[in-house]
Amino acid sequence: MLLATFNWLCSSLLLYVSGAKLPEPEVKIEVLHKPFICHRKTKFGDMLLIHYEGFLESNGTMFHSSRTLGDKHPVWFTLGIKEVIKGWDKGLQGMCTGEKRKLTVPPALAYGKEGKGKIPPESTLIFDIELMEIRNGPRSHESFQEMDLNDDWKLSKLEVKEYLKKEFERHGYSPNDTQHEVMVEDIFKKEDEDSDGYISAREFTYKHDEL
């Protein structure tokens, strides 16, 4: 009886663990310098200009520096659209112009099992990052998230059509399926740059017109 109870508990625990969602790794954030005056803080959809240096945590080797390697220019990217590693998207939110941060990024939020270039697989990375400038993104990240109904970071024609119908209703107009379909086709002709049938987060963010 005791053995049967033990086996039942083990089976239940196995089912619970296998069904549970493991917590996502976190980025360790250290603020090295923060300006006295902060007019605004970074948010998803903002375009950021940064200088950075990247190191391997294992041995301290520098694998890149925007200040001393390449063209020695700071780097522009858009926060929150998977344009950079997840560790940056997570670790550079709520940052002020002139602020400096040290990010310790676990492999799952960096280059994982594959690695990249000088970065070996399963490497924890350390970045020293200085935010030089913040600009408004051409479109808000919040709008994209509102339209992206299944959270797959791309917009289908059906998702865009549903959004148009809601916008028509919100402004007091009756939905018109035929008109919406024509509008969707026109939008995709102009915005689906790689013609894969979807508008990616990057295609959306860097476009300005219909949506």
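Up top is the structure.
Quick caveat, the model's predicted, so the values are computed rather than measured. (Residues numbered from 1 in each chain as written. Predicted model: local features only at pLDDT ≥ 70, side-chain atom pairs only at ≥ 80, totals over all residues. Heavy atoms only, no water.)

(A) Representation of helix 4 (residues 157-170) in the model. The end-to-end C-alpha distance of helix 4, which contains 14 residues, comes to 20 Å, matching closely the 20 Å that a straight helix rising 1.5 Å per residue would cover. Every buried residue of helix 4 is accounted for by E159, V160, K161, Y163, L164, E167 and F168. (Helix = DSSP H or I, 4+ residues; strand = E, 2+ residues; numbered from the N terminus. Expected span 1.5 Å × (residues − 1). Buried < 20%, exposed > 50% of the residue type's maximum accessible area, 1.4 Å probe, protein only.)

(B) Fine view of the nonpolar core. Judged by nonpolar contacts, the single largest core of 22 residues is most densely connected at W88, L92, F127 and I129. Within the residue set of this core, elements represented by two or more residues are strand 2 (47-56), strand 5 (100-105) and strand 6 (125-135). No other element matches the 5 residues that strand 6 contributes to this core. If we skip the residues at most four places from it in the chain, I129 touches I50, H51, Y52, W88, L92, M95, E99, K100, R101 and L103. One finds M147, Y163, F188 and A201 within the second-largest nonpolar core, a separate group that totals 13 residues. (Core = buried A, V, L, I, M, F, W, Y, C linked by side-chain atoms within 4.5 Å. Contact = heavy atoms within 4.5 Å.)

(C) Structural view of unusual backbone geometry. In this model, K72 sits at a positive phi of 65°, which is unusual for a non-glycine residue. Tracing the backbone through its elements, the reader meets K72 in the loop between strand 3 (62-65) and strand 4 (75-78). Here D151, not a glycine, exhibits a phi torsion of approximately 55°, which is positive. Residue position: D151 is located in the loop between helix 3 (141-147) and strand 7 (154-155).

(D) How the structure looks around the packing of aromatic side chains. Going through the model one piece at a time under the given rule, you end up with 5 aromatic pairs. Considering the side-chain rings of F77 and W88, the 5.5 Å spacing of their centres and the 45° angle between planes classify their relative orientation as tilted. Of this pair, F77 sits in strand 4 while W88 sits in helix 2 (residues 86-91), placing them 11 residues apart in sequence. Between W88 and F127 the ring centres are 5.4 Å apart and the planes differ by 80°, which places this aromatic pair in the edge-to-face class. Residue W88 is found in helix 2, and its partner F127 is found in strand 6; the two are separated by 39 residues along the sequence. W88 sits in the buried class, given a relative accessible area of 7%. The buried category is assigned to F127, whose relative accessible area is 3%. Among the aromatic residues, ring-to-ring pairing joins Y52, F63, F77, W88 and F127 into one connected group. Over the aromatic face of F188 sits the side chain of K157, whose NZ or CZ is 5.6 Å from the ring centroid. (Phe/Tyr/Trp six-rings, centres within 6.5 Å; stacked < 30°, edge-to-face > 60°. Lys NZ or Arg CZ within 6 Å of the ring centre and 35° of its normal.)

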